[in-house]
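Structural description and commentary
The primary structure of each chain is shown beneath.
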Amino acid sequence: EAFLKRGQQIYNRTCAACHASVGNGEGLVGKRLLVRPTSLHSDYMYGLTPGHYFDVITNGIRTMQPYRHMINEKDRWAVVVYIRSLQIS
């Protein structure tokens, strides 16, 4: 439970501005970007492995910056766990 809450804290601090608190890609910043953030709520995104999410957080993708220097490895895994919980909810 503590690991999940840590993931939520990191997600809200670093991801929600673009991906929104519910993960639909409609964050305040995300709405203004030319390339919109991906919604985490699609069949395609549900089918991706946890390792894919970890890699994207670590190395970035398309216009998303890499977070490997800002979020330590354990916290990146916590964000992955939190993203899965968003998808389940």
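Above this text sits the structure in question.
Rules used in this analysis
Residues numbered from 1 in each chain as written. Predicted model: local features only at pLDDT ≥ 70, side-chain atom pairs only at ≥ 80, totals over all residues. Heavy atoms only, no water. Helix = DSSP H or I, 4+ residues; strand = E, 2+ residues; numbered from the N terminus. Buried < 20%, exposed > 50% of the residue type's maximum accessible area, 1.4 Å probe, protein only. Salt bridge = Lys/Arg side-chain N within 4 Å of Asp/Glu carboxyl O. Core = buried A, V, L, I, M, F, W, Y, C linked by side-chain atoms within 4.5 Å. Expected span 1.5 Å × (residues − 1). Arc of directions from axis to C-beta. Contact = heavy atoms within 4.5 Å.

1. Focus on the environment of H69
Looking at the secondary structure, you find H69 in the loop between helix 4 (50–59) and helix 5 (73–88). For H69, a relative accessible area of 75% gives the class exposed. As for H69 and T58, which are separated by 11 residues in sequence, their C-alpha atoms are 8.2 Å apart.

2. Some points on the pattern of salt bridges
Overall, the coordinates contain three salt bridges when judged by the stated rule. For R6, the salt bridge is made with D75, and the minimal N-O distance between the two is 2.8 Å. Of the two residues, R6 is situated in helix 1 (residues 2–14) and D75 in helix 5; the sequence distance between them amounts to 69 residues. The partly exposed category is assigned to R6, whose relative accessible area is 31%. The partner of E26 in a salt bridge is R36, with the nearest N and O atoms 2.9 Å apart.

3. Digging into the nonpolar core
Y11, L40, Y53, I57, V79 and I83 are the most contacted members of the largest nonpolar core, which has 17 residues in total. Listed by contribution, the elements that provide at least two residues to this core are helix 1, helix 4 and helix 5. In terms of residue count, helix 5 provides more of this core than any other element does, five residues in total.

4. Details of helix 1
Compared with the 18 Å implied by 1.5 Å per residue over 13 residues, the 18 Å span of helix 1 between its first and last C-alpha is a close match. The complete set of buried residues in helix 1 reads G7, I10 and Y11. When helix 1 is viewed along its axis, its buried side chains cluster within an angular range of 100° and face the same direction. For helix 1, the exposed residues set more than 90 degrees away from the buried face come down to A2 and R13. Buried residues along helix 1 sit in contact with helix 2 (16–19) and helix 5.

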